[in-house]
Amino acid sequence: LGRMKPVIVVHGGAGRIFKEREEGCRAGVVRAALRGYGVLKQEGSAVDAVEEAVRSMEDDPHFNAGCGSVLNEKGEVEMDAIIMDGKNLDSGAVSAVKCIANPIKLARLVMEKTKHMLLTDHGAHLFAQAMGIPEIPGEKLITERSRERWKKNLEPDSNPEEFQKDLGTVGAVAIDSEGNVACATSTGGLSNKLIGRVGDTACIGSGGYADNHSGATSTTGHGESIMKVVLARLIHYHMEQGMSPEVAADTALDYMKTRVGGLGGVIVVNKAGEWAARFSTKQMSWATVKDDNLHYGIYAGERHIKSVDEALASESEEF
């Protein structure tokens, strides 16, 4: 079997990234991509790599996932996550989970330790306990910024929709040296959402999809719009028809915009290891590593390139 060159692509959410948060978002996706690539370089699987990359962003308060998640109408964090293995189409997801640091880890356990694909709310909580996942106080996940925004959105003349543009779902896709692909996506959802709202992230084919026969995709953006067009699977359909990852992504995002007026972003890797990071929103933080080169950006048309060694050197200075 020909060895594949491993590739990882990550996103930190499509939407509007406020100036003062840009650096943190850039650094966060770069760190996640480097961590995921580290796993792949040590012969780790695509599934291990995407889980590691997403965990890194869940732990980073700059993103709307894990610590830093936005609050629902009641002022609580409810999180959704999904992971999928392209080898056999196994997937695991959780929705509306509270009081755990890394929903992606729980999604992986659903995939590997149960016969099910999606556990929600109380049942997910019981499963987490059974698996020995430590519970953390809900407050631990709440940042000053999330609380401020929640309060602002409660004011009578506020428009939560305005703030929902700053979405920050996180995700990763990868292909490993064996040619297996995987995707992972995790989110705190929409600010001031109804209690129990589940968006696209936990839904297979919408928040993500992975199939060795075509590739892997993770999405971000307006969840309800993404669900209407089953965005991740739509991109795969276009790739199956022979489109490149970039054209497939643009075609699907275009369709979502014209058909239902929804904006979003996607990362894609195909079975040949070609990748794309595309978005119809103003911005999307993303990073990818391929051939020991790191590429990253936030704005349309922005693309910085560094060698992995150089990037790792500047990483270690930061810590």
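The structure presented is a predicted model; accordingly, all values stated were derived computationally and were not measured.

Cut-offs and rules
Throughout, residues of each chain are indexed from 1 in the direction in which the sequence is written. In view of the model being predicted, local features appear only for residues whose pLDDT reaches at least 70, and side-chain atom pairs are presented and counted only at 80 or more, with totals across whole chains, interfaces and linings using the full set of residues. Excluding hydrogens and water, the side-chain values take into account all heavy atoms of the structure. Counting from the N terminus, the helices are the DSSP runs of H or I reaching at least four residues and the strands are the DSSP runs of E reaching at least two. For the exposure calls, accessible area comes from a 1.4 Å probe over protein chains only, and a residue counts as buried if that area is under 20% of its type's maximum, exposed if over 50%, partly exposed in between. The contact definition used throughout considers only heavy atoms, calling two residues in contact when any of these lie within 4.5 Å. UniProt positions are given in the numbering used here, feature names are shortened, and annotations may be inferred rather than shown by experiment. Under this definition, polar contacts are N or O atom pairs within 3.5 Å; protein pairs additionally need one hydrogen-donor-capable and one acceptor-capable atom, and for neighbouring residues in sequence, both atoms have to be side-chain atoms. Note on method: axes are straight lines fitted to C-alpha atoms, helices fitted across the in-contact stretch only, with angles between N-to-C directions ranging 0 to 180 degrees. For this classification, under 35 degrees means roughly parallel, over 145 means roughly antiparallel, 65 to 115 means roughly perpendicular, and everything else is oblique. By convention the crossing between two helices is left-handed if the near helix lies anticlockwise of the far one by an angle smaller than a right angle, and right-handed if it lies clockwise. Note on residue categories: nonpolar means Ala, Val, Leu, Ile, Met, Phe, Trp, Tyr, Cys or Pro, charged means Asp, Glu, Lys or Arg, and polar means any other residue, Gly included. The pairing criterion for strands is at least two bridges between them, as found by DSSP. Throughout, nonpolar core names a set of buried Ala, Val, Leu, Ile, Met, Phe, Trp, Tyr and Cys residues whose side chains join them through atoms within 4.5 Å. Within this analysis, the arc is defined by the directions that extend from the helix axis to the C-beta atoms.

**Here we look at the overall build of the chain**
(1) Moving on: A count of helices and strands for the chain gives 10 helices and 13 strands.
(2) Moving on: Seen through its principal axes, the chain has C-alpha atoms that stretch 60 × 45 × 45 Å.
(3) Moving on: Buried residues in the chain amount to 58% of all 319 residues.
(4) Moving on: Long-range contacts, defined as pairs at least 24 residues apart, comprise 66% of the intrachain contacts of the chain with a sequence gap of at least 6.

**Overview of the UniProt feature "binding site: substrate" (unreviewed entry) in the chain**
(1) Moving on: UniProt annotation of "binding site: substrate" (unreviewed entry) refers to R197, V198, G199, D200, T220, G221, H222 and G223 when read in the numbering used here.
(2) Moving on: Excluding anything up to four places from it in sequence, V198 contacts D80, S95 and M227.
(3) Moving on: Take T220: it is sitting in strand β8 (residues 215–221).
(4) Moving on: For T220, the contacting residues outside a window of four places in its chain are H11, G13, A14, T169, I226, G264, G265 and M284.
(5) Moving on: Engagement of the side chain of T220 in a polar contact is seen with the backbone nitrogen of A14, the distance being 2.9 Å.

**Section: the packing of helix α8 (residues 231–240) against helix α9 (residues 245–260)**
(1) Moving on: Look at α8 against α9: their axes get within 8 Å of each other, and the N-to-C directions meet at 135°. By the angle between their axes, α8 is oblique relative to α9. The element α8 and its partner α9 pack so that their crossing is right-handed. Contacts from L231, L234, I235, H238 and M239 of α8 reach α9 at P245, A248, A249, T251, A252, L253, Y255 and M256.
(2) Moving on: Of the residues contributing to the contact of α8 with α9, the split by class is 11 nonpolar, two polar and no charged.

**Quick word on the UniProt feature "active site" (unreviewed entry) in the chain**
(1) Moving on: UniProt records the feature "active site" (unreviewed entry) for T169 in the present numbering.
(2) Moving on: Tracing the backbone through its elements, the reader meets T169 in the loop between α6 (160–163) and β5 (170–175).

**A look at the pairing of strand β7 (residues 208–211)**
(1) Moving on: Judged by which residues are buried, β7 turns out to be covered on both faces: G208 and A210 on one side and Y209 and D211 on the other are all buried.
(2) Moving on: Here β7 pairs with β8 via four bridges, running antiparallel. Bridged to A210 within β8 is A216.
(3) Moving on: Hairpin connection from β7 to β8: three residues lie between these consecutive antiparallel strands.

**A look at the nonpolar core**
As a rule of thumb, nonpolar side chains are buried together in soluble globular proteins.
(1) Moving on: Counting residues in hydrophobic clusters, the biggest one holds 55 residues, and the most contacted among them are I8, V10, I83, L106, A287, V289 and L294.
(2) Moving on: If sequence neighbours within four positions are ignored, V289 has contacts with P6, V7, I8, A33, L34, Y37, L294 and V308.
(3) Moving on: Residues V173, W275, A277 and M284 belong to the second largest nonpolar core, which totals 19 residues.

**Points about the environment of S186**
(1) Moving on: Locating S186 in the fold gives a position in strand β6 (residues 181–187).
(2) Moving on: In the structure, S186 is positioned 54 residues away from G132 in sequence and 20 Å away in space, judged by C-alpha atoms.
(3) Moving on: Apart from the residues lying within four places of it in its own chain, the contact partners of S186 are V54, E58, N64, A65, D80, A81, P103, T169, V170 and T201.
(4) Moving on: Among the polar contacts made by the side chain of S186, one reaches the side chain of E58 at a distance of 2.7 Å.

**Looking at helix α5 (residues 144–154)**
(1) Moving on: Those residues of α5 that fall on the buried side of the exposure criterion are S146, R149, W150 and N153. The buried residues of α5 occupy one face: seen down the axis, they fall within an arc of 105°.

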